[in-house]
Amino acid sequence: LDGDGRPDDPQLQELLKTVLGNLKAHNFFTHIEHDGKSIPNGAVSQGAMAMRGNRLEFSFYVPFETPLDPRQSPLNYRIFDPGYYIEMLHAEAKDAVTLINPPNGCTHRLAPPNPDSKKVAYAASLPVTADGGNELGQFFTEKVTVECK
(Lines give C-alpha, C1' and ligand atoms only; values in the text may rest on other atoms or scores of the structure.)
Protein backbone atom coordinates (compact mmCIF):
# COMPACT_ATOMS: atom_id res chain seq x y z
CA LEU A 1 0.00 0.00 0.00
CA ASP A 2 1.29 3.44 -0.90
CA GLY A 3 -1.05 5.61 1.19
CA ASP A 4 -1.10 6.40 4.87
CA GLY A 5 -3.47 3.53 5.76
CA ARG A 6 -6.24 5.77 7.06
CA PRO A 7 -9.82 4.64 6.37
CA ASP A 8 -10.37 7.48 3.87
CA ASP A 9 -7.24 6.59 1.87
CA PRO A 10 -8.43 6.26 -1.79
CA GLN A 11 -6.24 3.19 -2.28
CA LEU A 12 -7.92 1.45 0.67
CA GLN A 13 -11.37 2.45 -0.57
CA GLU A 14 -10.64 0.88 -3.96
CA LEU A 15 -9.26 -2.25 -2.31
CA LEU A 16 -12.36 -2.45 -0.09
CA LYS A 17 -14.63 -2.46 -3.15
CA THR A 18 -12.56 -5.24 -4.71
CA VAL A 19 -12.51 -7.34 -1.53
CA LEU A 20 -16.25 -6.99 -0.91
CA GLY A 21 -16.94 -7.89 -4.54
CA ASN A 22 -14.80 -11.02 -4.23
CA LEU A 23 -16.32 -12.00 -0.87
CA LYS A 24 -19.86 -11.72 -2.23
CA ALA A 25 -19.20 -14.81 -4.36
CA HIS A 26 -18.35 -16.69 -1.14
CA ASN A 27 -21.29 -15.49 0.97
CA PHE A 28 -18.92 -13.05 2.74
CA PHE A 29 -17.37 -16.06 4.53
CA THR A 30 -20.40 -15.92 6.86
CA HIS A 31 -22.44 -19.03 7.63
CA ILE A 32 -25.61 -18.67 9.71
CA GLU A 33 -27.83 -21.50 10.93
CA HIS A 34 -31.16 -21.30 12.73
CA ASP A 35 -33.48 -24.18 13.54
CA GLY A 36 -31.13 -26.54 11.68
CA LYS A 37 -31.36 -24.57 8.42
CA SER A 38 -28.83 -22.42 6.59
CA ILE A 39 -29.97 -18.78 6.65
CA PRO A 40 -29.18 -16.43 3.74
CA ASN A 41 -27.55 -13.06 4.36
CA GLY A 42 -29.17 -9.78 3.48
CA ALA A 43 -27.41 -6.99 1.59
CA VAL A 44 -23.99 -6.29 3.11
CA SER A 45 -23.27 -2.66 4.00
CA GLN A 46 -21.09 -0.36 6.12
CA GLY A 47 -17.81 -1.59 4.67
CA ALA A 48 -14.62 -0.08 6.09
CA MET A 49 -10.91 -0.81 5.77
CA ALA A 50 -7.87 0.56 7.62
CA MET A 51 -4.32 -0.32 8.58
CA ARG A 52 -3.91 -1.28 12.26
CA GLY A 53 -0.19 -1.62 12.87
CA ASN A 54 0.98 -4.25 10.38
CA ARG A 55 -2.53 -5.62 9.78
CA LEU A 56 -5.04 -4.68 7.17
CA GLU A 57 -8.39 -4.75 8.93
CA PHE A 58 -11.74 -4.56 7.22
CA SER A 59 -15.25 -4.77 8.54
CA PHE A 60 -18.75 -4.84 7.15
CA TYR A 61 -22.31 -5.35 8.37
CA VAL A 62 -23.95 -8.67 7.46
CA PRO A 63 -27.70 -8.61 8.23
CA PHE A 64 -30.07 -11.55 8.11
CA GLU A 65 -32.24 -11.67 5.00
CA THR A 66 -35.26 -11.99 7.29
CA PRO A 67 -35.46 -11.46 11.08
CA LEU A 68 -34.84 -14.51 13.28
CA ASP A 69 -36.09 -15.29 16.78
CA PRO A 70 -33.40 -17.00 18.90
CA ARG A 71 -36.10 -17.81 21.51
CA GLN A 72 -37.51 -20.42 19.11
CA SER A 73 -34.21 -22.12 18.37
CA PRO A 74 -30.52 -21.30 18.98
CA LEU A 75 -28.79 -19.25 16.31
CA ASN A 76 -25.31 -20.30 15.21
CA TYR A 77 -22.84 -18.48 13.06
CA ARG A 78 -19.36 -19.19 11.82
CA ILE A 79 -16.99 -17.10 9.74
CA PHE A 80 -14.49 -18.97 7.60
CA ASP A 81 -12.86 -19.31 4.23
CA PRO A 82 -14.13 -22.64 2.83
CA GLY A 83 -10.77 -23.21 1.12
CA TYR A 84 -8.82 -22.78 4.36
CA TYR A 85 -6.57 -20.15 2.79
CA ILE A 86 -7.50 -17.26 5.10
CA GLU A 87 -7.76 -17.76 8.85
CA MET A 88 -10.41 -15.72 10.63
CA LEU A 89 -10.67 -15.51 14.39
CA HIS A 90 -12.64 -13.38 16.80
CA ALA A 91 -10.63 -10.89 18.81
CA GLU A 92 -9.03 -12.30 21.94
CA ALA A 93 -11.14 -10.12 24.20
CA LYS A 94 -14.03 -10.64 26.57
CA ASP A 95 -16.24 -8.49 24.34
CA ALA A 96 -15.29 -10.13 21.03
CA VAL A 97 -18.99 -10.97 20.63
CA THR A 98 -21.67 -8.71 22.08
CA LEU A 99 -25.44 -8.85 22.08
CA ILE A 100 -26.98 -5.40 21.83
CA ASN A 101 -30.27 -5.04 23.72
CA PRO A 102 -31.02 -8.78 23.76
CA PRO A 103 -34.26 -10.13 25.21
CA ASN A 104 -34.03 -11.35 28.82
CA GLY A 105 -32.38 -14.74 29.13
CA CYS A 106 -30.31 -14.45 25.95
CA THR A 107 -26.67 -15.48 26.12
CA HIS A 108 -23.93 -16.33 23.68
CA ARG A 109 -20.92 -18.57 23.68
CA LEU A 110 -17.87 -18.62 21.47
CA ALA A 111 -16.54 -22.14 20.96
CA PRO A 112 -13.05 -22.75 19.61
CA PRO A 113 -12.53 -25.03 16.61
CA ASN A 114 -12.16 -28.72 17.33
CA PRO A 115 -11.02 -30.43 14.10
CA ASP A 116 -10.31 -34.15 14.14
CA SER A 117 -6.70 -35.27 13.80
CA LYS A 118 -7.13 -36.42 10.18
CA LYS A 119 -8.26 -32.93 9.11
CA VAL A 120 -5.34 -31.36 11.00
CA ALA A 121 -2.86 -33.73 9.33
CA TYR A 122 -4.34 -33.05 5.90
CA ALA A 123 -4.23 -29.26 6.41
CA ALA A 124 -0.62 -29.49 7.62
CA SER A 125 0.33 -31.46 4.51
CA LEU A 126 -0.85 -28.71 2.12
CA PRO A 127 1.75 -26.39 0.59
CA VAL A 128 1.42 -22.75 1.71
CA THR A 129 -0.12 -21.69 -1.61
CA ALA A 130 -2.53 -24.65 -1.84
CA ASP A 131 -6.29 -24.40 -1.61
CA GLY A 132 -7.91 -26.93 0.69
CA GLY A 133 -11.01 -27.27 -1.49
CA ASN A 134 -14.41 -25.90 -0.52
CA GLU A 135 -14.82 -28.01 2.60
CA LEU A 136 -11.67 -27.83 4.72
CA GLY A 137 -12.14 -24.36 6.26
CA GLN A 138 -15.32 -25.30 8.12
CA PHE A 139 -13.41 -27.70 10.38
CA PHE A 140 -11.08 -24.96 11.67
CA THR A 141 -13.62 -22.28 12.55
CA GLU A 142 -14.92 -20.84 15.76
CA LYS A 143 -18.65 -21.15 16.34
CA VAL A 144 -20.86 -18.61 18.07
CA THR A 145 -24.18 -19.76 19.50
CA VAL A 146 -26.90 -17.34 20.63
CA GLU A 147 -29.53 -18.93 22.81
CA CYS A 148 -32.53 -17.42 24.59
CA LYS A 149 -34.37 -19.26 27.33
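Below or above, wherever it landed, is the structure these notes cover. Since this is a predicted model, take the numbers as computed values, not measurements.

### Some words on the overall build of the chain
Tallying secondary structure elements over the chain gives two helices and seven strands in all. Ordered by position from the N terminus, the helices and strands of the chain form the series α-β-β-β-β-β-β-α-β. Taken over the C-alpha atoms alone, the chain extends approximately 50 × 40 × 30 Å along its principal axes. Looking at the chain as a whole, 26% of its 149 residues qualify as buried.

### Section: the pairing of strand β7 (residues 143-148)
With three bridges joining them, strand β5 (residues 75-79) and β7 adopt antiparallel strand pairing. Bridging across to β7, N76 finds its partner in T145. Across six bridges, the pairing between strand β6 (residues 106-111) and β7 is antiparallel. By the bridge assignment, A111 is partnered in β7 with K143.

### Let's talk about the environment of A50
The residue A50 is located in strand β3 (residues 45-52) in this model. Classification of A50 by relative accessible area gives buried; the value is 3%. Expressed as a C-alpha distance, the spacing of A50 and L12, which sit 38 residues apart in the sequence, is 7.0 Å.

About the cut-offs
- Residues numbered from 1 in each chain as written.
- Predicted model: local features only at pLDDT ≥ 70, side-chain atom pairs only at ≥ 80, totals over all residues.
- Heavy atoms only, no water.
- Helix = DSSP H or I, 4+ residues; strand = E, 2+ residues; numbered from the N terminus.
- Buried < 20%, exposed > 50% of the residue type's maximum accessible area, 1.4 Å probe, protein only.
- Pairing = 2+ DSSP bridges.

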